[in-house]
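Observations on the three-dimensional arrangement
The residues making up each chain are set out below.
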Amino acid sequence: MTLPQKLYFMVVRHRVAAVLLFLLVFPLLMPYEALAVNILIYGLYAVGYNLLFGYTGMLSFGHAAFFGVGSYITGIAIVHFGLHWLIAIVAGVAAAAFVGLIIGYLAIRTRGIYFAMVTLALGQIVYYLFYKAERWTGGENGLRGITVAPFEVFGFTVDFLNPMTKYYLIFLFVAAALWFVSRVLNSPFGAVIEAVRENEKRTAACGFDVARTRLLVFVLSATLCGLAGTLRALHLSIVPIDSLHYLQSGQGVMMCLLGGMGTFFGPFVGAAVFLYLEDIVTTMTKHWMAVVGVIFIIFVLFFPRGIWGSLVRWLQRSLFREATAK
């Protein structure tokens, strides 16, 4: 076996370790730390969305609801109740999971475009509720005043305002989430998830409860997106109302398609490309969305499997040709 083949199979076998090793040095590759933190958070958001869209084949336009609920509940817990930021994160994730259970229970009865439209409508209801609860959420101005006081760990002071400290603290939560997702995908339940994506009728004929599987995946996806939302609230120190907007859901779709839906590392690649392009293009023109949209269309046309998905496919074919040639 050649060295590239050994490296490829090692990465496949230890994919979580490979991703985390890359993310450890990732801030050194970015022009500034805040961009690296954004990519880390949105990468987790895209991973959560990819669990539903890429692995289960359920296209949702309402995932901003879970992202925003996680952000707002975490912010409310800190600003209005003075809770510790760790407890606030737990509250935000639990709230996102609960909202995911309600929306998922109502939406999984539909399929295809109807499922997408139902999730969009329910997501906009959540947006409206938080928008009108101005006393708690700040309404149009968003929720402000979210702070994380410095704390000590083993005698060392951890200052969340330090960009590198913030990155690696958020990295710990992302690492735990990626390990959890990998365990789910490698379990028998992960095989059932992909079976549902390929053929629901055959999966049901094999004795699996398709509706319960779809609902459980929906809740897991909502929980991961909610965790990303809680981390964004701590990162920005505010929660803007657009955290719940349907455009936020559209970003999740774009990141998955750019990176490669149904791949483990693809969502992070998609998030990095999308946010890096946004960061560059916004300095050149105020019509950055049009430019990024054109680039997105080009990628979708010429890389239908996404950037990372196409790269993995090309590498697999190269290794196969080498093996058959011998």
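This text gives an overview of the structure that appears in the document. (Residues numbered from 1 in each chain as written. Predicted model: local features only at pLDDT ≥ 70, side-chain atom pairs only at ≥ 80, totals over all residues. Heavy atoms only, no water.)

A look at the overall build of the protein
A tally of helices and strands in the protein yields 15 helices and 4 strands. The C-alpha atoms of the protein give 20 Å as radius of gyration, which agrees with the globular expectation for 326 residues (20 Å, within 12%). In the protein, which comprises 326 residues, the share counted as buried stands at 48%. Taking the intrachain contacts of the protein between residues at least 6 apart in sequence as the baseline, contacts between residues at least 24 apart amount to 76%. Of the roughly 16400 Å² of accessible surface on the protein, 68% is carried by carbon and sulfur atoms. Placing the 22 positive and 13 negative side-chain charges of the protein at their respective mean positions leaves the two points 12 Å apart. (Helix = DSSP H or I, 4+ residues; strand = E, 2+ residues; numbered from the N terminus. Rg over C-alpha atoms; globule rule 2.2 N^0.38 Å. Buried < 20%, exposed > 50% of the residue type's maximum accessible area, 1.4 Å probe, protein only. Contact = heavy atoms within 4.5 Å. Areas by Shrake-Rupley, 256 points an atom, 1.4 Å probe, with all protein chains shown as cover. Lys, Arg positive; Asp, Glu negative; His and termini not counted. Charge placed at Lys NZ, Arg CZ, Asp CG, Glu CD.)

Quick word on the side chain of Thr-56
Inspection of the secondary structure assignment puts Thr-56 in the loop between helix 3 (33–53) and helix 4 (64–79). A polar contact of 2.9 Å, which involves the side chain of Thr-56, links it to the backbone oxygen of Leu-51. If we ignore the near neighbours within four places in the chain, the residues touching Thr-56 are Leu-51, Ile-193, Val-196, Arg-197 and Val-217. (Polar contact = N/O pair within 3.5 Å; in protein donor to acceptor, adjacent residues only side chain to side chain.)

What about the pattern of salt bridges?
Counting across every chain of the model gives 5 salt bridges. In this structure, Glu-200 engages Arg-111 in a salt bridge whose closest nitrogen and oxygen atoms are separated by 3.0 Å. In this pair, Glu-200 sits in helix 10 (residues 200–205) while Arg-111 sits in the loop between helix 5 (85–107) and helix 6 (112–132), placing the two residues 89 residues apart along the sequence. Overall, Glu-200 belongs to the partly exposed group, its relative accessible area being 23%. A salt bridge links Arg-197 to Glu-194; the nearest nitrogen and oxygen atoms lie 3.2 Å apart. Pair noted here: Arg-197 and Glu-194 are both in helix 9 (residues 188–198), with a separation of 3 residues, about one helical turn. (Salt bridge = Lys/Arg side-chain N within 4 Å of Asp/Glu carboxyl O.)

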